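Read off the chains here:
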Amino acid sequence: MSLVIAFATTDFTLMVGDHRCTHIRDDSVYYDAAIKVYNVNSKVITGFTGDVDATMNLVKHIPDIEKDATIEHVAQRLKELVPKDAYLTIILSGADKDGNMRIVQMSHTDGFAEHVTDVPEGEVRWLSSYAYVSPNDMIEEEFAKLSECNPQEVAEMLKRIVAKVSEDDIRVSKNASIVGIIKEE
């Protein structure tokens, strides 16, 4: 599994994930049916890259997470459920206990420590987990071209970026799913 991008403003957050699942030892063996991004509830979305079995185990527990859980609670719950030996990156985006948007990344590379990115008023933040080709410069370039920063335009931008990355990265499919939430007032 290879590409998940979280994009957050103070008013909404979106997450896109491509559909490619590659064999760990041979990139030429793959299929394009792996969903990587999910709505946890009306406050939090999540995406996974890495170990498919660990991902599917976590996904089956998403319905058990409280419907009003904040990003802090969801992060803690997923951290409790993830196998310690899993090769996996988890990205969460959504509202914290004070109702502010943030992005959280946890990975096997450092024992699933929570790396938090807050979204200051009037600004945007994004974070990606990727295989070979980083989408970050593309996001910056494409974002600068947007006429408005609204969920529809950002969603189209994120889909274009996945397609562009897929041209140069065997681990990324041009097909993608997108999930999102709009901040509750």
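Before reading further, recall that the structure is shown in the block above.
This section reports on the structure supplied with the text. All figures in this text were calculated on a predicted structure; none of them were measured in a lab.

Quick notes on the packing of helix 3 (residues 136-145) against helix 4 (residues 151-168)
Thought 1: Between helix 3 and helix 4, whose axes approach to 10 Å, the crossing angle comes to 140°. Here helix 4 runs oblique to helix 3, going by the angle between their axes. Taken as a pair, helix 3 and helix 4 cross one another with a handedness that is right-handed. The segment helix 3 lies against helix 4, with Met138, Ile139, Glu142 and Phe143 engaging Met157, Arg160, Ile161, Lys164 and Val165.

Some points on the nonpolar core
Thought 1: Counting residues in each nonpolar core, the largest one holds 23 residues, and the members touching the most others are Leu58, Val74, Leu78, Leu88, Ile90, Leu92 and Met106.
Thought 2: Listing elements by their share of this core, those giving two or more residues are strand 6 (44-50), helix 1 (52-59), helix 2 (71-81), strand 7 (88-95) and strand 8 (101-107).
Thought 3: If you tally residues by element for this core, the top one is helix 2, at five residues.
Thought 4: When residues no more than four places from it in sequence are discounted, the contact partners of methionine 106 are Ala75, Leu78, Lys79, Leu88, Thr89, Ile90, Leu92, Phe112, Ala113 and Glu114.
Thought 5: Counting residues in hydrophobic clusters, the runner-up holds 19 residues, among them Leu3, Met138, Val154 and Ala155.

Some thoughts on the environment of asparagine 100
Thought 1: Along the chain, asparagine 100 falls in the loop between strand 7 and strand 8.
Thought 2: Sequence spacing of asparagine 100 and lysine 36 is 64 residues, and the spatial spacing of their C-alpha atoms is 24 Å.
Thought 3: Residues in contact with asparagine 100, not counting those within four places in the same chain, are Gly94, Ala95 and Lys183.

Description of the pairing of strand 11 (residues 176-182)
Thought 1: Here strand 11 shows a buried face lined by Ser177, Val179 and Ile181 and an unburied face lined by Ala176, Ile178, Gly180 and Ile182.
Thought 2: As defined by bridge partners, strand 2 (residues 12-18) adjoins strand 11 across seven bridges and the pair is classed as antiparallel. For threonine 13, the partnering residue across the bridge sits in strand 11 and is isoleucine 181.

Points about helix 2
Thought 1: For helix 2, every residue scored as buried is listed here: Ile71, Val74, Ala75, Leu78, Lys79 and Leu81. Projected down its long axis, helix 2 shows its buried positions confined to an angular sector of 165°, all on one face.
Thought 2: Turning to helix 2, the residues buried within the fold contact strand 6, helix 1, strand 7 and strand 8.

What about the pattern of salt bridges?
Opposite charge on two side chains permits pairing when their charged atoms draw close.
Thought 1: The full count for this structure, using the stated rule, is 13 salt bridges.
Thought 2: Among the ionic pairs, lysine 36 bridges to aspartate 18, the shortest N-O distance being 2.5 Å. Taken together, the residues lysine 36 in the loop between strand 4 (30-31) and strand 5 (37-39) and aspartate 18 in strand 2 connect sequence positions 18 residues apart.
Thought 3: We classify lysine 36 as buried; its relative accessible area is 0%.
Thought 4: Overlapping salt bridges bring together Glu141, Glu142, Lys145, Arg160 and Lys164 as one network.

Some points on the sheet that holds strand 10 (residues 125-129)
Thought 1: The strand order across the open sheet built from four strands is 10-1-2-11, with neighbouring strands paired in antiparallel fashion. Sheet topology places strand 10 and strand 11 at the edges, where each strand pairs with a single neighbour. This sheet shows a mean twist of 10° between the axes of neighbouring strands, independent of strand direction.
Thought 2: Looking at chain direction, strand 1 (residues 4-8) and strand 2 are connected through five bridges and run antiparallel.

Comments concerning the environment of isoleucine 170
Thought 1: Tracing the backbone shows isoleucine 170 in the loop between helix 4 and strand 11.
Thought 2: Measuring from C-alpha to C-alpha, the distance between isoleucine 170 and valine 59 comes to 25 Å, with 111 residues separating the pair along the chain.

Cut-offs applied
Residues numbered from 1 in each chain as written. Predicted model: local features only at pLDDT ≥ 70, side-chain atom pairs only at ≥ 80, totals over all residues. Heavy atoms only, no water. Axes fitted to C-alpha atoms, helices over the stretch in contact; angles between N-to-C directions. Helix = DSSP H or I, 4+ residues; strand = E, 2+ residues; numbered from the N terminus. Parallel < 35°, antiparallel > 145°, perpendicular 65-115°, else oblique. Left-handed = near helix turned anticlockwise from the far one by under 90°. Contact = heavy atoms within 4.5 Å. Core = buried A, V, L, I, M, F, W, Y, C linked by side-chain atoms within 4.5 Å. Buried < 20%, exposed > 50% of the residue type's maximum accessible area, 1.4 Å probe, protein only. Pairing = 2+ DSSP bridges. Arc of directions from axis to C-beta. Salt bridge = Lys/Arg side-chain N within 4 Å of Asp/Glu carboxyl O.

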